[in-house]
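Okay, here's what each chain looks like letter by letter:
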Amino acid sequence: MEFLLENILNLIGFLVGLVIGIMAIIGFRNTGSPTLFRLTIAFFSISLGFFVVWAGYMVEDFVIKSGSIERWVQTLGIAIQTVGYFFIAFSHSIKSFFPKSRYFRSIGVFPLFLISSVQLEHIFRSVSFILLAYGAIETMLSYFENKNKGAISVAVGLALLALGEFLGWYSFVFPESILYSASMTIKIGGLIALFIPVSKVPLTKIKFDEGLE
Amino acid sequence: MAEYRTHMKIIGDILATTRDELQDENGASVTYLIRKANISHSRISRILKTLVSQGLLEQLDTQGSNKYKISQSGREFLQAYYTFTDFADNFGLNI
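What you see is a predicted model; the values in this text were computed from it and never measured.

Visitor: Provide a residue-level description of the overall build of chain B, including the pertinent values.
Guide: Within chain B one finds 4 helices and 3 strands. Start at the N end of chain B and walk to the C end: the helices and strands fall as α-β-α-α-β-β-α. Expressed as a percentage of the 95 residues in chain B, the buried residues total 46%. The long-range fraction of contacts in chain B, counting pairs at least 24 apart against all pairs at least 6 apart in sequence, stands at 54%.

Visitor: Quick one: what's the story with the packing of helix α6 (residues 149–170) of chain A against helix α7 (residues 179–198) of chain A, residue by residue and with numbers?
Guide: All names here are of chain A. Close contact between α6 and α7 brings their axes to 7 Å; oriented N to C, the two are set at 160°. Here α7 runs roughly antiparallel to α6, going by the angle between their axes. Relative to α7, the crossing made by α6 is left-handed.

Visitor: How would you sum up the interface of chain B and chain A? Please name residues and give values.
Guide: Taken together, the contacts link 18 residues of chain B with 34 residues of chain A. Both faces considered, chain B and chain A share a buried interface measuring about 2300 Å² in area, 71% of it formed by carbon and sulfur atoms. Among the residues of chain B in contact with chain A, Phe87, Asn90 and Phe91 of chain B are the three that bury the most area, contributing 30% of the side total. At the boundary of chain B with chain A, the tally comes to 0 salt bridges. Where chain B meets chain A, there are 2 residue pairs in polar contact (both at pLDDT 80 or more). With 11 residues, helix α4 (residues 72–90) of chain B is the single largest residue contributor to the side of chain B that touches chain A. Across the side of chain B that touches chain A, the residue classes tally to 10 nonpolar, 5 polar and 3 charged.

Visitor: I'd like a description of the confidence of the model for chain A, backed by residues and values.
Guide: Residue and element names in this part refer to chain A. Mean pLDDT over chain A works out to 84, with 84% of the residues at or above the 70 mark. Taken element by element, the predicted model of chain A shows its lowest mean pLDDT in helix α4 (residues 102–107) (49) and its highest in helix α2 (residues 34–64) (93). A low-confidence stretch, residues 106–117 (pLDDT under 50), is modelled with 10 contacts involving residues beyond four sequence positions or located in other chains.

Visitor: Requested: an account of the sheet that holds strand β1 (residues 28–29) of chain B, with residues and values cited.
Guide: All names here are of chain B. Judged by pairing direction, the sheet is antiparallel, and its 3 strands sit side by side in the order β1-β3-β2 without closing on themselves. The sheet is open, and its two borders are formed by β1 and β2 (57–62), each paired with just one other strand. When β2 meets strand β3 (residues 65–70), the two strands line up antiparallel, connected through 6 bridges. Opposite Gln59, over in β3, you have Tyr68 as the bridge partner.

Visitor: Provide a residue-level description of helix α5 (residues 120–146) of chain A, including the pertinent values.
Guide: If you check α5 of chain A, its first and last C-alpha atoms are 38 Å apart, about what 27 residues at 1.5 Å a residue would give, namely 39 Å. Of the residues one or two after α5 of chain A, Lys147 of chain A is the one with positive phi, at around 60°.

Reading guide: rules and limits
- Within each chain, residues carry numbers counting from 1 in the order of the written sequence.
- As a convention, the first chain written is A and the first ligand written is 1, with the rest following in written order.
- Under the rules for a predicted model, residues below a pLDDT of 70 receive no local features and side-chain atom pairs below 80 are neither given nor counted, while totals for whole chains, interfaces and linings still include all residues.
- Excluding hydrogens and water, the side-chain figures rest on all heavy atoms present in the structure.
- Secondary structure follows DSSP: runs of H or I at least 4 residues long count as helices, runs of E at least 2 residues long count as strands, and numbering of each begins at the N terminus.
- Partly exposed residues are those whose accessible area sits between 20% and 50% of the maximum for their type, while under 20% is buried and over 50% is exposed, using a 1.4 Å probe and protein chains only.
- By definition, residues are in contact when any of their heavy atoms lie within 4.5 Å.
- Axes here mean lines fitted to C-alpha atoms, for a helix over just the part in contact, with angles spanning 0 to 180 degrees between N-to-C directions.
- An angle below 35 degrees is treated as roughly parallel, one above 145 as roughly antiparallel, one from 65 to 115 as roughly perpendicular, and anything else as oblique.
- Here is the rule for handedness: rotate from the far helix to the near one, and if that takes an anticlockwise turn smaller than a right angle the crossing is left-handed, while a clockwise turn gives right-handed.
- Once two parts are brought into contact, the accessible area they lose, counted with a 1.4 Å probe and summed over both, makes up the buried area.
- By definition, a salt bridge exists where a carboxyl oxygen of Asp or Glu is found within 4 Å of a side-chain nitrogen of Lys or Arg.
- Polar contact is the term for a pair of N or O atoms within 3.5 Å; when the atoms are in protein, one must be able to donate a hydrogen and the other to accept it, and sequence-neighboring residues count only if both atoms are side-chain atoms.
- Three classes are used: nonpolar for Ala, Val, Leu, Ile, Met, Phe, Trp, Tyr, Cys and Pro, charged for Asp, Glu, Lys and Arg, and polar for all others, with Gly counted as polar.
- By definition, pLDDT measures how confident the predictor is in each residue, and it falls between 0 and 100.
- A pair of strands is treated as paired once DSSP finds two or more bridges between them.
- One less than the number of residues in a helix, times 1.5 Å, gives the span that helix is expected to have.

Here's what the structure looks like:
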């Protein structure tokens, strides 16, 4: 059951990230917007992260057959996803804190994370949780300003991913409990919520750059 | 408090003005665009020069004064701009 849920989650994550990333890169190529460039990096990273974990499970199931995924593969996939969540949160931090500063936009702002002796995977999961929670709050605040209903769905999606990430991290404490399955189910819900408003963007009206064809 | 506009939004406002609010068929004057887009002369001059060089605006020389009309590429850019503004809005972001 857990294996099935893990595969569904990682495949949905890969596809949702890929589709949103492609839409963002089309937007960047057509408008040159740096925000869309950051979203491109964010969602391609998220997509790649889910793909790495999915590929790890596939290799384990069909080639190695050791009974559990290689730890470093799972850690690598989660780390790549964390990079994606960072760029979503980073876009919000630029909008919220540095709307007029070209200096901060050019150098970027890298938060300082203290690394303890716990496993890297735990660190990435907890960092992902913080970034996702921040992204969800900022997206919800933007809804209060613009009343764009799509922002509610994205905020709920990011919040569910954050909750899923938290439960996934917490399941290390209770490894045999239902927490990990619940975490994956919630994350699947989060990815679907993230995709709903984006699926309504009318790309058919766009005449694409020649370079994209 | 005045709303902060990104560079992209200012470009969108200028193109929308040249598309929707032309004074006459000869295009919009710089003075008209300054008033409508609400930016300084020096800044709009730089932006107009860029937009003309990129083929998004057409510069018309009528009776000794420069006027600007949106080009077909400009219309397509504006369509893309509106589409991806909605896309970014969903994430609570401005393009």
